[in-house]
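Here's the letter readout for the chains.
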Amino acid sequence: MDNNTLRKPELTCLIYLREWTGEHFFDRMNPMPIQYSSTIKELPKGIREIAVDITAPEIETCFQKALRRLSRELEIEGFRKGKVPPHLAEKYIKPDAIFDEAAHIAIQDTYPDVVKHHELEPIGKPEVEVTKIARGDAMGYKVRVAVLGDVKLPDWKAKVQVKRNAIVAGEEEMAKAIAYLQKSRAQFTAVNRTAQKGDFVEIDFTMRRDGVILEGGVSQKHPFTLGEGKFIPGFEDGIVGMAVGEEKTYPLAFPDDYHEKTLAGKPVEATVKLV
């Protein structure tokens, strides 16, 4: 039977659409999108069924694309791989493979635009049914896909009452806000002297207990403002008076109410370098 008259009624079975990126796929030999017509039907449970019809000339273009793609994998004596002319390749490629590839091309080239045209928001993978396809004849397929439903909000403005509370800032809140702004926007200038409380410094430090480094007890170029009390008692006092590049080791003790119970009240040795 001649390929031009061969029909493919068996393609009416359900097939799944290949992965697509949401953009049209344009063949380098034919960059124009496929023209089609479509109708949409609303089904229960948020399903939409779209019927798409593609004219015979348009689907013939898909057959030619399919031949070009499939011929790239052919190895025929006298031709380099991928260089077999499509009209000759058709004699070596099974008709089923050509029909399947042409159908996939047609669906991939039209489905994204169909979704956009009908303003759908699909959920999940579409289910595609090819209803007809033949050389020299039109192609038809149906798509069933779940979509986001319409959500209708009640008149919430009439039901929800929001009381606006007046915000009054006292002197204490204002003072804290000003102090925060001053600190966050402060500009630092290097000084040639020993460290004093209120200075912004960077240190390397190691904390040891019985000669063993504590977990989380090592830091490099650790920045902080000296005197803010961010460390255990005595740690920052040991840095006051140090010069840049100076290193010292001194004993400390964790407070009795320290959050890590295994260290509460225990002695520790701190090695600190001002950088």
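Residues numbered from 1 in each chain as written. Predicted model: local features only at pLDDT ≥ 70, side-chain atom pairs only at ≥ 80, totals over all residues. Heavy atoms only, no water.

*Asks:* Which parts of the structure should I look at to understand the nonpolar core?
*Replies:* Within soluble globular proteins, side chains that are nonpolar tend to cluster in buried spots. Formed by 34 residues in total, the largest nonpolar core has its most connected members in Ile54, Met139 and Tyr141. At the level of secondary structure, the elements contributing two or more residues to this core comprise β3 (47-54), α1 (56-71), α2 (86-89), α3 (95-117), β4 (122-132) and β5 (139-147). It is α3 that contributes the most residues to this core, 10 residues altogether. Those residues in contact with Ile54 that lie beyond four places of it in its chain are Ile34, Gln35, Tyr36, Ile59, Ala106, Thr110, Ala138, Met139 and Tyr141. Ala195, Ile203, Met242 and Leu263 belong to the second largest nonpolar core, which has 22 residues in total. (Core = buried A, V, L, I, M, F, W, Y, C linked by side-chain atoms within 4.5 Å. Buried < 20%, exposed > 50% of the residue type's maximum accessible area, 1.4 Å probe, protein only. Helix = DSSP H or I, 4+ residues; strand = E, 2+ residues; numbered from the N terminus. Contact = heavy atoms within 4.5 Å.)

*Asks:* What am I meant to see in unusual backbone geometry here?
*Replies:* A negative phi holds for most residues other than glycine; trans holds for most peptide bonds. Located in the positive-phi region is Lys45, a residue other than glycine, with phi close to 60 degrees. Residue position: Lys45 is located in the loop between β2 (37-43) and β3.

*Asks:* Quick question: what am I supposed to make of the sheet that holds strand β7 (residues 212-225) here?
*Replies:* Hydrogen bonds between backbone atoms are what pair the strands of a sheet, whose relative direction is either parallel or antiparallel. Taken in spatial order, the 4 strands of this open sheet run β7-β6-β9-β8, and their pairing is antiparallel. In the strand order of this sheet, the two ends are held by β7 and β8 (247-253), each with one partner. For this sheet, the mean angle separating the axes of adjacent strands, direction not counted, is 25 degrees. Sheet analysis places strand β6 (residues 200-209) next to strand β9 (residues 267-274), joined by 6 bridges and oriented antiparallel. The partner of Thr206 across the bridge, within β9, is Thr271. (Pairing = 2+ DSSP bridges. Axes fitted to C-alpha atoms, helices over the stretch in contact; angles between N-to-C directions.)

*Asks:* What am I meant to see in the packing of α1 against α3 here?
*Replies:* What describes two packed helices is the angle between their axes and the distance between those same axes. Here α1 crosses α3 at 115 degrees, and the two axes come no closer than 8 Å. The element α1 and its partner α3 pack so that their crossing is right-handed. In this structure, α1 contributes Ile59, Cys62, Phe63, Lys65, Ala66, Leu67, Arg69 and Leu70 to the contact, and α3 contributes Ala97, Ile98, Phe99, Glu101, Ala102, Ile105, Ala106, Gln108 and Asp109. Considered class by class, the residues forming the contact of α1 with α3 number 12 nonpolar, 1 polar and 4 charged. (Left-handed = near helix turned anticlockwise from the far one by under 90°. Nonpolar A, V, L, I, M, F, W, Y, C, P; charged D, E, K, R; others polar.)

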